[in-house]
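# Observations on the three-dimensional arrangement
Residue-level listing of the chains:
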Amino acid sequence: MLIKKNAINKVTDAIQTSIASNNIAILPPMEISDALKLIHILELKFSVSMLDPWYNKGIGGVRDDYVKFICNILMLNSTIAKHVYLWGFPEIVANFIDKIPKPLEYTCWLTWYYKNNPSVIRGWRSAQQTCLHLSSSDSTLYPEHFLTDKQLILKEKGKLRYMPGPPSVIEAALNIGFIGKKEQTGHPSQKPISVYEPLLRMTTTPGDSVLDLMAGSGTTGALCSPLGITAILCDESEEYIKLMEKRLNVKRLRVKKYINIILK
Ligand SMILES: C[S@@+](CC[C@H](N)C(=O)[O-])C[C@H]1O[C@@H](n2cnc3c(N)ncnc32)[C@H](O)[C@@H]1O
């Protein structure tokens, strides 16, 4: 018991130290269910949890238990994050619309629309991904973060008649070939920063913390400094943890042995 308590303290300290100096803590590579179990034991809470799993088609392959796998992840997220974003292709994300675990509720069906996907099949060329935005009733949305200077002045004067929100369709090119060359890390499914930015801007305010346990190349982490937020990141892949360490210039926490004790 004492050994486990000591391990919990070591991991908590390591997370706090890394966040204090980098705004980011990268956990050692771990399967998301283990990482979520750890987060629950450490009693950490977040404004947002970003869930961008493999999509059950194309890269990452197909899992027979995909619906069960995602439902379990949603359930484990439902009490630790006020907002949850679940990414995927529309026909896959549609499976979860009627499986939202309480206290989360449906908030919005977001679409990322991109024109520049190369055509690989004869027929419709895929040009969209879906992001299901779920949140609990005590969560906060910040549409005011999208106001122009002119609208801000009107708001201060009490003359803004309604709060305009950003569109639920986000148009941004895929980072591919020469597009987004500077941003590209080599991760096969990296989201553009311009796609994640409105999501995090809508649901966080400076000082808030975000969780991304399938962080891939670390796009969520790349937004920490610009938005003044902090993040805990992980991924099951050693290769992608290395990629995010390099991209974010943050070293992973060397706490694997303590995590093993905690999860035993
Ligand atoms: C679509 S990519 C995420 C890309 C990321 N949003 C970015 O912008 O770079 C999916 C990521 O989930 C990770 N992943 C898939 N299944 C996982 C699991 N069961 N546990 C932890 N990570 C997982 C993969 O290694 C991959 O990096």
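One can find the structure itself at the top, above this paragraph.
Structural notes, computed from the coordinates. (Residues numbered from 1 in each chain as written. Predicted model: local features only at pLDDT ≥ 70, side-chain atom pairs only at ≥ 80, totals over all residues. Heavy atoms only, no water.)

## A look at unusual backbone geometry
Residues apart from glycine generally show negative phi values, whereas peptide bonds are mostly found in trans. In this model, lysine 102 is joined to proline 103 through a cis peptide bond whose omega is 5°. You can see proline 103 is positioned in the loop between helix 4 (90-93) and strand 4 (104-113). One non-glycine residue, glutamate 43, lies in the positive phi region at around 60°. Assignment of secondary structure puts glutamate 43 in the loop between helix 2 (32-41) and strand 2 (46-51). (Helix = DSSP H or I, 4+ residues; strand = E, 2+ residues; numbered from the N terminus.)

## Quick word on the packing of helix 2 against helix 3 (residues 66-77)
Two packed helices can be described by the angle between their axes and the distance between those axes. Following both chains from N to C, one finds helix 2 and helix 3 inclined at 15°, their axes separated by 10 Å at the closest point. Overall, the two elements helix 2 and helix 3 adopt an arrangement that is roughly parallel. Two packed elements cross with a definite hand, and for helix 2 against helix 3 that hand is left-handed. Of the residues in helix 3, those in contact with Ile32, Ser33, Leu36 and His40 of helix 2 are Phe69, Asn72, Ile73, Leu76 and Asn77. Tallied by class, residues from the contact of helix 2 with helix 3 come to 5 nonpolar, 4 polar and no charged. (Axes fitted to C-alpha atoms, helices over the stretch in contact; angles between N-to-C directions. Parallel < 35°, antiparallel > 145°, perpendicular 65-115°, else oblique. Left-handed = near helix turned anticlockwise from the far one by under 90°. Contact = heavy atoms within 4.5 Å. Nonpolar A, V, L, I, M, F, W, Y, C, P; charged D, E, K, R; others polar.)

## Remarks on the site of the ligand
Close to the ligand lie 23 residues, the nearest being Glu31, Asp52, Ser217, Thr219 and Asp235. Here aspartate 235 contributes a side-chain N or O atom positioned 2.6 Å from an oxygen atom of the ligand. Note that a nitrogen atom of the ligand is positioned 3.2 Å from one of the backbone N or O atoms of glutamate 236. Considering the ligand on its own, with 600 Å² of exposed area, one finds that the protein chains cover 98% of that surface. Split by residue class, the shell around the ligand holds 11 nonpolar, 7 polar and 5 charged. (Near = heavy atom within 4 Å. Polar contact = N/O pair within 3.5 Å; in protein donor to acceptor, adjacent residues only side chain to side chain. Areas by Shrake-Rupley, 256 points an atom, 1.4 Å probe, with all protein chains shown as cover.)

## Overview of the sheet that holds strand 1 (residues 24-26)
With respect to topology, 8 strands assemble into an open sheet ordered 1-8-7-2-3-5-4-6, the strand pairing being mixed. Edge strands, defined here as strands with exactly one partner in the open sheet, are strand 1 and strand 6 (169-171). Geometrically, the sheet is characterised by an average inter-axis angle of 20° between neighbouring strands, direction not taken into account. Two elements, strand 2 and strand 7 (residues 209-212), share 3 bridges in a ladder whose sense is parallel. If you follow serine 49 over to strand 7, its bridge partner there is leucine 211. Against the sheet, helix 1 (residues 2-22) contacts strand 1 and strand 8 (230-233), and its axis sits at roughly 135° relative to strand 1. Against the sheet, helix 3 contacts strand 2, strand 3 (81-88), strand 4, strand 5 (128-136) and strand 7, and its axis sits at roughly 160° relative to strand 3. (Pairing = 2+ DSSP bridges.)

## Some details on the pattern of salt bridges
Going through the model one piece at a time under the given rule, you end up with 10 salt bridges. Two residues, aspartate 65 and arginine 63, come together in a salt bridge whose shortest N-O distance is 2.8 Å. Relative accessible area serves as the criterion here: at 35%, aspartate 65 is assigned to the partly exposed category. The partly exposed category is assigned to arginine 63, whose relative accessible area is 34%. Note that aspartate 98 and lysine 99 form a salt bridge whose closest N and O atoms lie 3.2 Å from each other. Take aspartate 98: its relative accessible area is 64%, and that puts it in the exposed class. Judged by relative accessible area, which is 36%, lysine 99 ranks as partly exposed. Members of the salt-bridge network, linked through shared partners, are Glu238, Lys242, Glu245 and Arg252. (Salt bridge = Lys/Arg side-chain N within 4 Å of Asp/Glu carboxyl O. Buried < 20%, exposed > 50% of the residue type's maximum accessible area, 1.4 Å probe, protein only.)

These figures capture arrangement, not role.
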